[in-house]
Every structure is written in structure tokens, then in C-alpha cells.
Amino acid sequence: MDGYLKDIQDGLNDGDAEVVKNATEQALKMGMSADVIITTALIPMMEQIGKEFRNGNIFIPDVLMSSRAMHASLYVLKPLLVESNLKRKKGLIVIGTVAGDLHDIGKNMVSMTLQGDGYEVIDLGIDVPASSFIAAIQRYKPDILAMSALLTTTIGELKHVIQAIVNEGIRDRVKIVVGGGPVTQDYVDEIGANGFGKDVFGAIEIVNQLLGNKAGYFNV
């Protein structure tokens, strides 16, 4: 079974969606659980790809190909994650990448893993303006608003969105969690967010803490 995990990682690295999809399906057929595939194959490799991108060793086209390959695996895994948690939803989370930022690898992995941990997640996608976050809060009444910003040029949008939420008079309706490479605890304190996750599991841990929930499917 370890061979399939390596195939998934190699496929992610090469941006080969077909290889990743097939290896994921084979791993499941061999009895491997969805959480093992995510935690031992998808997350480590995508984190490595993220580091390579930030260090300038690979470029946006490479990241987009890897992201497409990751989606192929998540497409196979999603029904299992959702089905395993239909009877124990722990809360509602709205998630999105802020305006000006087109990165979704980290956001997608947080979204999928939160679903695996028992949450209902509404994903607004990428390049989301403040007005759309506000509209989602008013429409869905989530327990958590989760926002990501990968770039130093877009991190300021986190502050802008929170201020817009304050101006709208709805800040007390939702807890806000932020994430992304440039985000630090000092910045979280500065913009008035409730917390942040340094990585996928950090995001789930802070969500569980804020909502008083125990760890679920992923045993964070």
C-alpha cells in the first residue's frame, strides 16, 4: 500500500492528475482510509510544493498543475469524507481566499479536512471580495469565517474584510480564522481575528477550540 502513497506523491509532484486519481482509487481498494491518504500523501507533498514555490524553485504553472492533480484525489475522497460525517456535523464554516489572491491549494485542503472532521463547509472560492464574505455571513449565519491569503501583497485584504464586517455591524455574529504563509500571531492580534492556523491541522485545531468541539475524524 505504501507504493500507492508514493505514486500519489510522485503524481502530485509531476502534476499528473490521472496518476494521482488512479493511485488514490487503488489505495482505497486496498483498504487504506481516506484520512491516511490525506495525512501521509496529499498534505506532506502539497506543503512541500508550497515551500518550493515560495522559495522560487517552481512557478505558478507548476503549482496549478499540482493543484489540479490534488483535486483529482480529493474528488475521489470527498464522498467518503462527507458520508462518514453526515450524522455528526459540528458547525458551519464559510471559507474563501481573499480578493486579489488566486491560490487555493491550502484553502481546499483545509476545507476538505474540516469536512472530514465533521463540519459543514461552504467554499466561496478564490479572489473573494469583502462584500461576498459579508453576504455569506448574512445568508448562511456560519459559526466560523475562514479566510486565506498566501501573498504578502494580499495579506492586507484580511484586515480590510474584517474592518468591513465591523462596519456592517455583524462582527459579533461570527468567529474569524485566518491563514496563509505571511500570517503571524502578531498580525492576527492586529487585525482582530480570533485565531489562525499555521497549517491544515492548525486550522482545524483552532476551529475546534473556538467552537468547543472535540477533534473528530482526523484526531487533531
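The structure presented is a predicted model; accordingly, all values stated were derived computationally and were not measured. (Residues numbered from 1 in each chain as written. Predicted model: local features only at pLDDT ≥ 70, side-chain atom pairs only at ≥ 80, totals over all residues. Heavy atoms only, no water.)

Draft legend 1. Quick peek at helix α7 (residues 156-168). In this model α7 runs 19 Å from its N-terminal to its C-terminal C-alpha over 13 residues, within 8% of the 18 Å that 1.5 Å per residue would give. Looking only at α7, the buried set comprises E157, L158, V161, I162, A164 and I165. For α7, the buried positions fall inside an angular range of 155° around the axis, keeping them on one side. Where α7 is buried, its residues contact α6 (130-140), β3 (144-148), β4 (175-179) and α8 (185-191). At the exit of α7 stands G169, carrying a positive phi of roughly 80°. (Helix = DSSP H or I, 4+ residues; strand = E, 2+ residues; numbered from the N terminus. Expected span 1.5 Å × (residues − 1). Buried < 20%, exposed > 50% of the residue type's maximum accessible area, 1.4 Å probe, protein only. Arc of directions from axis to C-beta. Contact = heavy atoms within 4.5 Å.)

Draft legend 2. Spatial organisation of the sheet that holds strand β1 (residues 92-97). With respect to topology, 5 strands assemble into an open sheet ordered β2-β1-β3-β4-β5, the strand pairing being parallel. In the strand order of this sheet, the two ends are held by β2 (120-123) and β5 (195-197), each with one partner. In this sheet, neighbouring strand axes are inclined to one another by 25° on average, regardless of whether the strands run parallel or antiparallel. Sheet strands in contact with α7 are β3 and β4, and its direction is about 150° off that of β3. (Pairing = 2+ DSSP bridges. Axes fitted to C-alpha atoms, helices over the stretch in contact; angles between N-to-C directions.)

Draft legend 3. Structural detail: unusual backbone geometry. Phi is positive for D127, which is not a glycine, with a value near 55°. Inspection of the secondary structure assignment puts D127 in the loop between β2 and α6.

Draft legend 4. Representation of the packing of helix α1 (residues 2-14) against helix α3 (residues 34-54) in the model. Packing of α1 against α3 brings their axes to within 9 Å, and their N-to-C directions diverge by 25°. Put simply, α1 runs roughly parallel to α3. Of the two possible hands of crossing, α1 and α3 adopt the one that is right-handed. Contacts between α1 and α3 involve L5, I8, Q9, L12 and N13 on the former and, on the latter, I37, T40, A41, L42, P44, M45, M46 and I49. Residue composition of the contact of α1 with α3, by class: 10 nonpolar, 3 polar and no charged. (Parallel < 35°, antiparallel > 145°, perpendicular 65-115°, else oblique. Left-handed = near helix turned anticlockwise from the far one by under 90°. Nonpolar A, V, L, I, M, F, W, Y, C, P; charged D, E, K, R; others polar.)

These values are about where atoms sit, not about what they do.
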